[in-house]
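Here is what each chain is made of, one letter per residue.
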Amino acid sequence: MNVLLDYLPQFRDGFLGTLAITGASAVIALVLGVVIAGFRVSPIPPLRAFGTAWVALLRNTPLTLLFLVATFVVPELLFRGASPFVLAMLALGCYTSSFVCEAVRSGISTVPVGQAEAARSLGMTFGQTLRMIVLPQATRTVLQPLSSIFIALTKNSAIAGAFSVTELFGVAKLLSDKGYAIALIFLWVALAYLIITFAISGVFRLLERRMAVVR
Amino acid sequence: MSEVSVTKNDEGPAPTGDPLVVLDNVNKHFGALHVLQDIDLTIHRGEVVVVIGPSGSGKSTLCRTINRLETVDSGGITIDGKPLPQEGRELARLRADVGMVFQSFNLFAHKTVLENVMLGQLKVRRKDRASAAKRARELLDRVGVGTQADKYPAQLSGGQQQRVAIARALAMDPKVMLFDEPTSALDPEMINEVLDVMQQLARDGMTMVVVTHEMGFARSAANRVVFMADGRIVEEAEPNQFFTNPRSDRAKDFLSKILHH
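The rules we used
- Residues numbered from 1 in each chain as written.
- Chains lettered and ligands numbered in written order.
- Predicted model: local features only at pLDDT ≥ 70, side-chain atom pairs only at ≥ 80, totals over all residues.
- Heavy atoms only, no water.
- UniProt positions renumbered as here; feature names shortened; annotations may be inferred.
- Helix = DSSP H or I, 4+ residues; strand = E, 2+ residues; numbered from the N terminus.
- Rg over C-alpha atoms; globule rule 2.2 N^0.38 Å.
- Buried < 20%, exposed > 50% of the residue type's maximum accessible area, 1.4 Å probe, protein only.
- Contact = heavy atoms within 4.5 Å.
- Areas by Shrake-Rupley, 256 points an atom, 1.4 Å probe, with all protein chains shown as cover.
- Salt bridge = Lys/Arg side-chain N within 4 Å of Asp/Glu carboxyl O.
- Pairing = 2+ DSSP bridges.
- Buried area = accessible area lost by both parts, 1.4 Å probe.
- Polar contact = N/O pair within 3.5 Å; in protein donor to acceptor, adjacent residues only side chain to side chain.

Going by an unreviewed UniProt entry, chain B carries the name ABC-type polar-amino-acid transporter and comes from Streptomyces natalensis ATCC 27448. Listed in UniProt under the heading Catalytic activity (unreviewed entry), the comment for chain B reads: "a polar amino acid(out) + ATP + H2O = a polar amino acid(in) + ADP + phosphate + H(+)". You can read under Subcellular location (unreviewed entry) in the UniProt record for chain B the words "Cell membrane".

As recorded in an unreviewed UniProt entry, chain A goes by Amino acid ABC transporter permease and comes from Streptomyces natalensis ATCC 27448. For chain A, the Subcellular location (unreviewed entry) comment in UniProt is given as "Cell membrane".

A.B. asks: Explain the overall build of chain B to me, please; I cannot follow it from the model alone.
C.D. replies: What chain B contains, in helices and strands, is 10 helices and 10 strands. For chain B, whose C-alpha radius of gyration is 18 Å, the value lies close to the compact-globule estimate of 18 Å for 261 residues. For chain B, the spread of C-alpha atoms along the three principal axes comes to 55 × 40 × 35 Å. Looking at chain B as a whole, 55% of its 261 residues qualify as buried. Considering only intrachain contacts with a sequence separation of at least 6, the fraction spanning at least 24 residues in chain B is 66%. Approximately 11,500 Å² of chain B is accessible, and the part contributed by carbon and sulfur atoms is 48%.

A.B. asks: Even after reading the chapter, I still don't get the pattern of salt bridges, so can you show me in this structure?
C.D. replies: Pairing of side chains with opposite charge becomes possible as their charged atoms draw close. Residue and element names in this part refer to chain B. Taken as a whole and judged by the stated rule, the model has 27 salt bridges over all chains. Among the ionic pairs, arginine 232 bridges to aspartate 38, the shortest N-O distance being 4.0 Å. Of this pair, arginine 232 sits in strand β10 (residues 232-237) while aspartate 38 sits in strand β2 (residues 33-44); the two residues are 194 residues apart in sequence, bridging distant segments of the chain. According to the relative accessible area criterion, arginine 232 is partly exposed, its value standing at 41%. Two residues, lysine 134 and glutamate 138, come together in a salt bridge whose shortest N-O distance is 3.7 Å. Of this pair, lysine 134 and glutamate 138 both sit in helix α5 (residues 129-142), 4 residues apart, roughly one helical turn.

A.B. asks: Mind showing me how you'd approach the pairing of β2 of chain B here?
C.D. replies: Looking along a regular strand, one sees the side chains alternate between the two faces of the sheet. Examined bridge by bridge, strand β1 (residues 19-30) of chain B and β2 of chain B share 8 bridges and lie antiparallel to one another. Across the sheet, valine 21 of chain B pairs through a bridge with isoleucine 43 of chain B, a residue of β2 of chain B.

A.B. asks: Can you help me understand the interface of chain B and chain A in this one?
C.D. replies: Many analyses report the size of an interface as the accessible area lost when the parts associate. Contacts between chain B and chain A engage 26 residues on the former and 20 residues on the latter. With both chains or domains summed, chain B and chain A bury close to 1,900 Å², and 64% of this area falls on carbon and sulfur atoms. Its largest share of buried area at the contact with chain A, chain B owes to Phe108, Ala109 and His110 of chain B, together 26% of the area lost on that side. On the surface where chain B and chain A come into contact, there are 2 salt bridges. Summed over the shared surface of chain B and chain A, the result is 7 residue pairs in polar contact (both at pLDDT 80 or more).

A.B. asks: Explain the UniProt feature "transmembrane region" (unreviewed entry) in chain A here, please?
C.D. replies: Residues and elements named next belong to chain A. Using the residue numbers shown here, the UniProt feature "transmembrane region" (unreviewed entry) corresponds to residues 15-39, 51-73, 85-104, 157-175 and 181-207. Taken end to end, residues 51-73 is 87% helix and 0% strand, and its two terminal C-alpha atoms sit 22 Å from one another. Within residues 85-104, the helical portion is 100% and the strand portion 0%, while the C-alpha atoms at the span's ends are 27 Å from each other.

A.B. asks: Please explain the pairing of strand β9 (residues 224-229) of chain B as it appears in this structure.
C.D. replies: Residues and elements named next belong to chain B. Most of β9 is tucked away, with 6 of its 6 residues classed as buried. The alternating pattern of β9 places Arg224, Val226 and Met228 on one face and Val225, Phe227 and Ala229 on the opposite face, and all of these are buried. As paired elements, strand β3 (residues 48-52) and β9 share 4 bridges and run parallel to each other. Its bridge partner lying in β9, valine 51 is registered against valine 226. Here β9 pairs with β10 via 5 bridges, running antiparallel. Residue phenylalanine 227 lies in a different strand from β10, and its bridge partner there is glutamate 235. From the end of β9 to the start of β10, which pair antiparallel, there are 2 residues, and aspartate 230 there has a positive phi angle of about 50 degrees.

The structure is reproduced here in structure tokens:
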């Protein structure tokens, strides 16, 4: 029983680590996901092809494999000397961006095509139409799948623990390696994950209620 | 002078302006369907052209090709001497000069009525907020929905929404206005309030292309009626002549179906 109290600082660090990696990756995933979704519906063929390739590649690759690439290949080519946190953030963010992109794209297709036609007929460019007319109206529909995606991201962040990032799952592994009963350790770990995931669902439920578009 | 020439249309503003919209041998297919066949049509500045015809005759498609919401397979379209460019900034600039009113209104659902009429002025014409708002309120008053400015489109009746849509298009100070069946989605009692606004526009000298089933409007407001069937322009005439003495059998048949029941 003592393990839970004796290692409280480690658990706290793990909790904050999970929170940090999840938050940072979520921001990357959201920004990239929306941009790539814009690419996928763009009138410019090379952008569409890039978007399609991005989603096909990242969505269909096992996350652990992406972590291996991010940890061992990426530093050789691009970010020499990047910290494990940054690399993990890249892997998780890019991976999740492919799911965000598809959720956003599904939202875009729920906006009646006449909305975009009206915007274009006013002389708005594709970018303006997407930004000011289509995406704001797609947001409401996108919120529901987005909350699931971010909850999955929270749990996926556990893989970062195996790649030298301090986070909950890594702490659990450390303590179980020291010989403590694993069931007990997982009590704190599970609780910490629940705090994060419930917070995500709560925030999204709030957003959904506030962003209704009357039609 | 021929003896039949004394009609109201001869007294009205004759289409004497220079060519504003020119369609030259335009063809378009939807798959195997040849929706526009060798369309030649010139709309002069200040002219009101009403396009009528049975459903599926291609009249809506014709209207939508003019601001390139539909692309064409062959043939040329010019607006004020400029050929329609490919999708991009230049096309966007050209579209800003071509107002469009849709059958289903297509007001921006997440913006208020006032914002709907301001948006194009702000983001396309780059006007400042104050003058855009002033112009928007002016236009909303002109189409009779000034008191609804702060409501959302869904809170308005169909007739009010369509009048807002007209105001939104007018806010861009367009050279020509396209109306794609503007009253077809309206309840009967709301059709006239929209037609009245369009009549006023026509009297003010706006160049208009109107696809409609409202024969009364065609008779009273049009300088010219274009009758389409099966993707072709079958007949063009001034309204009085078209409605009293159509030349083609196709037009006679169409008019007999819609005028006698």
